[in-house]
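One letter stands for each residue in the lines below.
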Amino acid sequence: MIIEFKQAAKDDARLLVEIYNASFYSDYQRFGTCPGYGKTIEMMEKSIRLNPKHIILCDHKPVGCVSCHLIGKQEYEIGCLCVIPNYQGKGIGTQAIQFVKDYYDDWKRLTLVTPLYKRENVRFYTEKCGFQIVDTEKDCDIELVRFLMKR
């Protein structure tokens, strides 16, 4: 299994909408809404412009996305890490976190949030990636966990 990362361009917006929709469909089904599901191509084009995204390729097939942006001096926030369901549990997400750490080589702090109810995500970020839980916050009715990794 070969994992590669390709910087997303405006022309990748349709592909990214498909990846996001496949990755976040279960959340949409559960809550009737999900910020990662149902984006238009125009919304994704704007997001690509504002927040660098990398398409995750597994054996040259697009299977996910990771986005990260600078929020302070040497502090980055991972805005999205998604892998389509058929490719989850294969180490792709772990490689995506390592990619972010290598790509943004000046980082001192990495942060991200994920819904508390997604226990598998909480375990993934703490046990497999080395993040610490530092806080909880609310987004509408969903409780989120904030993670931090320091170098």
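Look above for the structure.
As the structure is a computational prediction, the values presented were derived from the model and not from experiment.

A. Main features of the pairing of strand β3 (residues 61-72). In this structure, strand β2 (residues 53-58) lies alongside β3, joined through six bridges in antiparallel fashion. Residue K53 lies in a different strand from β3, and its bridge partner there is S67. Where β2 folds back on β3, the antiparallel hairpin that results is connected by two residues, among which D59 adopts a positive phi of roughly 50°. Direction of pairing for β3 relative to strand β4 (residues 75-83): antiparallel, over a ladder of eight bridges. Bridging across to β4, L70 finds its partner in Y76.

B. Quick peek at the nonpolar core. One finds L16, I78, L81 and F131 to be the most contacted residues of the largest nonpolar core, which totals 43 residues. Those residues in contact with F131, other than ones at most four positions away along the chain, are I78, I97, L110, L112, Y125, T126, F147, L148 and M149.

C. Summary view of helix α2 (residues 41-50). Within the span of α2, buried status applies to M44, S47 and I48. All buried residues of α2 fall inside an arc of 100° around its axis, so they share one side. Seen from the buried face of α2, the exposed residues on the opposite side, beyond 90 degrees, are E42, R49 and L50.

D. Spotlight on the sheet that holds β4. Reading across from one edge, β1-β2-β3-β4-β5-β7-β6 is the order of the seven strands in this open sheet, with mixed pairing throughout. At either margin of the open sheet sits one strand with a lone partner, and together these are β1 (3-7) and β6 (132-139). The mean inter-strand angle of the sheet, taken between neighbouring strand axes irrespective of direction, is 30°. Here β4 pairs with strand β5 (residues 109-115) via three bridges, running parallel. Following the sheet pairing, Y76 is matched in β5 by L110. With respect to the sheet, helix α3 (residues 92-103) is in contact with β1, β2, β3, β4, β5 and β7 (142-150), its orientation differing from that of β4 by roughly 155°. Those strands touched by helix α4 (residues 119-128) are β4, β5, β6 and β7, and its axis lies near 165° from that of β5.

E. Main features of unusual backbone geometry. The phi angle at H60 is positive, at roughly 75°, despite the residue not being glycine. With phi around 60°, Q74 is a residue other than glycine that occupies positive phi space. Along the chain, Q74 turns up in the loop between β3 and β4. Relative accessible area serves as the criterion here: at 25%, Q74 is assigned to the partly exposed category.

Parameters at a glance
Residues numbered from 1 in each chain as written. Predicted model: local features only at pLDDT ≥ 70, side-chain atom pairs only at ≥ 80, totals over all residues. Heavy atoms only, no water. Pairing = 2+ DSSP bridges. Helix = DSSP H or I, 4+ residues; strand = E, 2+ residues; numbered from the N terminus. Core = buried A, V, L, I, M, F, W, Y, C linked by side-chain atoms within 4.5 Å. Buried < 20%, exposed > 50% of the residue type's maximum accessible area, 1.4 Å probe, protein only. Contact = heavy atoms within 4.5 Å. Arc of directions from axis to C-beta. Axes fitted to C-alpha atoms, helices over the stretch in contact; angles between N-to-C directions.

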